[in-house]
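Breakdown of the fold
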Amino acid sequence: MDMDMSKQQQQQEAGASNNSKQRAVAAAAHVLAVAAVVLVVVWCVHFRGGVVLRSVQNKQLIFNLHPVLMVLGPIVLGGEAILSYRSLLLVPRAARKKAHMALHAAGLAAGVLGVYAVFKFHVESGIPNLYSLHSWVGIAAITLYAAQWAAGFLAFFFPGASPPARRRALLPWHAVAGVLVFALAVATAQLGFLEKLTFLQGPPLRLPKYGAEAMLVNFTALVVLLLGVAVVLATLNGSSYSAIV
């Protein structure tokens, strides 16, 4: 009996230690999320001249809205939505569920507006759409994000949508799919930073390869990547998602 109690105590201590580490990683993810937004705004406002949805003379300002919204939406707000079940432990279950859905809805809305902005920029600048790997992966990511949100809403939030047994069966798939879509959004951002920086370093701008703007873009991409890693690590065991059901 003493051995059994000792094993249980060790398991409890290990679980507490694991939870503590995951909370620390989640806290790091929050810091990285703020840093990612600040860096991409500094890049697009300070170095690229600002962000607008309509511009007659400088169409590049329309494009600048795209990286800001894509980082803020599917990555930062999407990441915060994923972390909400670990970060809001003192909040009632129903409120956490609402926060999760609302953050994802805001992230999806920002992402859709970001996609609209880049299509608008291309059309008004006479640039073809959907010719790059970044654009292909990006369309897949935002489409899957929308599908994941709709599926989660219908399965876990819509009144009387699913019986408890079905929700419990769907929960692991929903959690894994959410993390995979988030990872795809982060990968899309990496492709986007690389593509844009390659354009800026070519003619006619010929941005210096070791200049301040180039370093800022690379550092922003690195912060976004670390944010993605932190969010995934903070949700590895999936135990915090039990509150969805």
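In this text the structure is predicted, and so the values were computed from the model without any measurement.

**A closer look at the overall build of the protein chain**
When you go through the protein chain residue by residue, the secondary structure sums to 6 helices and 0 strands. Within the span of the protein chain, comprising 245 residues, buried residues form 42% of the whole. Taking all contacts inside the protein chain whose residues are at least 6 apart in sequence as the whole, residues at least 24 apart take part in 73%.

**Regarding empty space enclosed by the protein**
Inspection of every chain in the model, using the stated rule, returns 2 cavities of 30 Å³ or more. Of the voids in this model, the largest cavity is the one considered here, and its volume is about 210 Å³. Ile82, His100, His104, Gln148 and Gly178 are, among the 18 residues lining the largest cavity, the residues nearest its centre. Elements with a minimum of two residues in the lining of the largest cavity: helix 2 (60-87), helix 3 (93-125), helix 4 (133-157) and helix 5 (164-201). Per element, the largest residue contribution to the lining of the largest cavity is 7 residues, and it comes from helix 5.

**Focus on the UniProt feature "transmembrane region" (unreviewed entry) in the protein chain**
Per the UniProt entry, the sites bearing "transmembrane region" (unreviewed entry) are residues 24-48, 68-89, 101-119, 139-158, 170-194 and 214-236 in this numbering. Secondary structure content for residues 24-48 is 96% helix and 0% strand, while the C-alpha to C-alpha distance between its ends is 35 Å. The span residues 101-119 is 100% helical and 0% strand by assignment, and the distance between its end C-alpha atoms comes to 27 Å.

**A look at the packing of helix 5 against helix 6 (residues 212-234)**
Remark: helix 5 packs on helix 6, axes separated minimally by 10 Å, with the N-to-C direction vectors making an angle of 175 degrees. Compared by their axis directions, helix 5 and helix 6 come out roughly antiparallel. Only Glu213, Ala214, Val217, Asn218, Thr220, Ala221, Val224, Leu225, Gly228, Val231 and Val232 of helix 6 make contact with helix 5, whose side of the interface consists of Val179, Phe182, Val186, Ala189, Gln190, Phe193, Leu197, Leu200 and Gln201. Here the residues of the contact of helix 5 with helix 6 are counted per class, giving 14 nonpolar, 5 polar and 1 charged.

**A closer look at the layout of surface pockets**
Its boundaries defined by the atoms lining it, the largest pocket holds a volume of some 730 Å³. Around the largest pocket sit 39 residues that line it, and Phe63, His66, Val118, His134 and Glu195 are the ones nearest its centre. Looking at the lining of the largest pocket, the elements with two or more residues in it are helix 2, helix 3, helix 4 and helix 5. Top element by residues in the lining of the largest pocket is helix 5. It accounts for 9 residues. Considering only residue class, the lining of the largest pocket consists of 26 nonpolar, 10 polar and 3 charged.

**Quick look at helix 2**
Compared with an ideal rise of 1.5 Å per residue, which puts 28 residues at 40 Å, helix 2 spans 38 Å between its outermost C-alpha atoms and is within 8% of the ideal. Along helix 2, the sharpest change in direction is near 30 degrees and occurs at Ala81. Within helix 2, 24 of the 28 residues are buried, leaving the element largely enclosed by the surrounding structure.

Thresholds applied
- Numbers given to residues run from 1 along each chain, matching the order in which its sequence is written.
- For this predicted model, a pLDDT threshold of at least 70 governs which residues receive local features, and a threshold of 80 or more governs which side-chain atom pairs are given and counted, while totals over whole chains, interfaces and linings are taken from all residues.
- Working from all heavy atoms in the structure, the side-chain values ignore hydrogens and water.
- Put simply, DSSP marks the helices as runs of H or I at least four residues long and the strands as runs of E at least two long, and each gets a number from the N terminus on.
- For each residue, the accessible area found with a 1.4 Å probe, counting protein chains only, is set against the maximum for its type, and the residue is called buried under 20%, exposed over 50%, and partly exposed in between.
- Contacts between residues were defined by any pair of non-hydrogen atoms, one from each residue, lying within 4.5 Å.
- In this analysis a 1.4 Å probe is tested at points of a 1 Å grid over the protein atoms alone, and where it fits but cannot get out there is a cavity; an open set with protein on both sides within 12 Å along at least five of seven lines is a pocket; lining residues have an atom within 4 Å of a point.
- Grid points are joined across faces, edges and corners, and a volume is the space filled by probe spheres set on the points.
- UniProt positions are given in the numbering used here, feature names are shortened, and annotations may be inferred rather than shown by experiment.
- Fitted lines through C-alpha atoms give the axes, limited to the stretch in contact for helices. The angle between two N-to-C directions lies from 0 to 180 degrees.
- Orientation categories follow fixed angle ranges, with anything under 35 degrees roughly parallel, anything over 145 roughly antiparallel, 65 to 115 roughly perpendicular, and all other angles oblique.
- Three classes are used: nonpolar for Ala, Val, Leu, Ile, Met, Phe, Trp, Tyr, Cys and Pro, charged for Asp, Glu, Lys and Arg, and polar for all others, with Gly counted as polar.
- To estimate how far a helix should extend, the number of its residues minus one is multiplied by 1.5 Å.
- Bend at a given residue is defined as the angle between two axes, one fitted to the seven residues that end at that position and one fitted to the seven that begin there.

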